[in-house]
Amino acid sequence: MTRETERQLFVSSRGWSDAAAERLAGDASARSYLRLSDRVLGSAVLMDAPPETGEDIRPFSRIARHLSGIGLSAPEILAEDPEKGFLLLEDFGDALFARLVEKDPSREIALYEAAVDTLTELHRHTPPAGLPKLGPSEMSAAVDVAVNWYAAGCGKPAPGGAANELGRILRPHLDRLSRAEPVLALRDFHAENLLWLPEREGVRRVGLLDFQDAFAGHPAYDLISLLEDARRDVSEASRQAALARFSRSGNHDPDALSYACAIFGAQRNLRILGVFARLCMH
C-alpha cells in the first residue's frame, strides 16, 4: 500500500474524505503537512510523519496535551494514528509572527513581548516527566556539524580534532549553565513557529507549533531561539524589550541571563549552520 493510499484511508475514516487538500511549507524533517478544507467541517492540518523515516508523532501529541493543559495554545488533536504516523490537528491559520512583522515591522516589539509572556507562563509549570535531557555533554558534541559539514562545504576542511576542540571550548560554559532548574524547552521557538491568534486572550493568543523535539533544559534556551533567529534579523529594540521583560517577569538576574544567551546563542547557531549545510550538500 502506498503512502498516498494510507493517507487517504486515514482522512476518509475520520470523515474528511470530501476535503480539498493544500500542501503547506514543511521543515527540516521527513514530515509533510496538508491543509484540509471541508465545506461542513471547516479546516484542519494533517501531519504526515512516516515512521519508516524515523518520525514518531507521539512526542508531539504528548507535549501538545501538556501545553493545552496548562493554558497555552497548542493545536487540538482531532485524530491520530501513531502506528501509521498521521495526526489531524486544529488549524491555527497563517498569521505567523515572521509574516506579520515582515508586513508591518511596527508590530515586532508587541509580538515578541507576547512570545516572552508565553515562555514565562510555560516556565511556571513543572515540565512533564520523561523528557529527553540535553545536557552539557550532548550540547557540546552537537556543534561538530559546523566543523564537519559547513567548513567542508565552504572548501575549507578543518584540521583533525577541530570539532572536538570546539566542543571542549563550549563545555565549561555549558556545565556552569546546567545548574539552573530545568524547564520545558520547546527547542524551535521562533517567529516561523509562532502564530498570532487575536480572538483569544492573554498568553493563549500565541499559537505554538513544532515542539516534538522538546526537552528539559535551561530557561534561556527558547528565549535565545526567539531572539537569535537564524531565519530573520530581530531588531535591537525588540531584542532589548524582550530581554528586559523576560528578566523582570521571570525574576532572572540580567547579567546571568546575558551570559546564558551568549552561550546558547553560540551553541544553537553553530549547530544550525552545520545542520543546514549538511541538508544542502545532501
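All values derive from a computational prediction rather than experimental measurement.

A separate point is the packing of helix α8 (residues 220-227) against helix α10 (residues 254-281). A pair of packed helices is characterised by two quantities: the angle between their axes and the separation of those axes. Between α8 and α10, whose axes approach to 9 Å, the crossing angle comes to 65 degrees. As judged from the angle between their axes, α8 and α10 are roughly perpendicular. In this structure, the crossing between α8 and α10 has a hand that is right-handed. Residue-level contacts link A220, Y221, L223, I224 and S225 of α8 to L257, A260, C261, F264, G265, Q267 and R268 of α10. Within the contact of α8 with α10, the residues separate by chemical class into eight nonpolar, three polar and one charged.

Attention now moves to the packing of aromatic side chains. Any two aromatic rings considered together are summarised by their centre-to-centre distance and by the angle between their planes. All chains considered together, the criterion is met by five aromatic pairs. On the basis of an interplanar angle of 20 degrees and a centroid distance of 5.3 Å, the ring pair of F10 and F86 is categorised as stacked. In this pair, F10 sits in helix α1 (residues 3-13) while F86 sits in strand β5 (residues 86-90), placing the two residues 76 residues apart along the sequence. With relative accessibility at 3%, the residue F10 sits in the buried group.

We now examine the nonpolar core. One finds L67, L186, L208, F211, L223 and F264 to be the most contacted residues of the largest nonpolar core, which totals 60 residues. No other element matches helix α4 (residues 108-123), which puts seven residues into this core. Look past the residues within four positions of L67 in its chain and what remains in contact with it is L72, A74, L122, L184, L186, L208 and F211. Core analysis: the second largest hydrophobic core is formed by 11 residues, F10, V11, W16 and F86 among them.

Moving on to the pattern of salt bridges. Within the structure shown, the criterion is met by 21 salt bridges. The residue R35 makes a salt bridge to D91 at a minimum N-O spacing of 2.8 Å. Of this pair, R35 sits in strand β2 (residues 32-38) while D91 sits in the loop between β5 and α3 (97-103), placing them 56 residues apart in sequence. Between R35 and D94 there is a salt bridge whose closest N-O contact spans 3.0 Å. Highlighted residues: R35 in strand β2 and D94 in the loop between β5 and α3, separated in sequence by 59 residues. Given the relative accessible area of 10%, R35 is considered buried. Beyond isolated ion pairs, a larger network of salt bridges with shared partners links R3, E4, E6, R7, D48 and K84.

On to helix α2 (residues 58-69). Compared with an ideal rise of 1.5 Å per residue, which puts 12 residues at 16 Å, α2 spans 16 Å between its outermost C-alpha atoms and is within 8% of the ideal. Elements in contact with the buried residues of α2: β3 (42-48), β4 (77-81), β5, α4, β6 (183-185) and β8 (206-208).

The next thing to look at is the packing of helix α9 (residues 236-250) against α10. At a minimum axis distance of 10 Å, the contact between α9 and α10 shows a crossing angle of 125 degrees. In terms of their interaxial angle, α9 and α10 are classed as oblique. Here the hand of the crossing between α9 and α10 comes out right-handed. In contact with L243, F246 and S247 of α9, α10 contributes P254, L257 and C261. Counted by class, the contact of α9 with α10 contains five nonpolar, one polar and no charged residues.

Cut-offs and rules
Residues numbered from 1 in each chain as written. Predicted model: local features only at pLDDT ≥ 70, side-chain atom pairs only at ≥ 80, totals over all residues. Heavy atoms only, no water. Axes fitted to C-alpha atoms, helices over the stretch in contact; angles between N-to-C directions. Helix = DSSP H or I, 4+ residues; strand = E, 2+ residues; numbered from the N terminus. Parallel < 35°, antiparallel > 145°, perpendicular 65-115°, else oblique. Left-handed = near helix turned anticlockwise from the far one by under 90°. Contact = heavy atoms within 4.5 Å. Nonpolar A, V, L, I, M, F, W, Y, C, P; charged D, E, K, R; others polar. Phe/Tyr/Trp six-rings, centres within 6.5 Å; stacked < 30°, edge-to-face > 60°. Buried < 20%, exposed > 50% of the residue type's maximum accessible area, 1.4 Å probe, protein only. Core = buried A, V, L, I, M, F, W, Y, C linked by side-chain atoms within 4.5 Å. Salt bridge = Lys/Arg side-chain N within 4 Å of Asp/Glu carboxyl O. Expected span 1.5 Å × (residues − 1).

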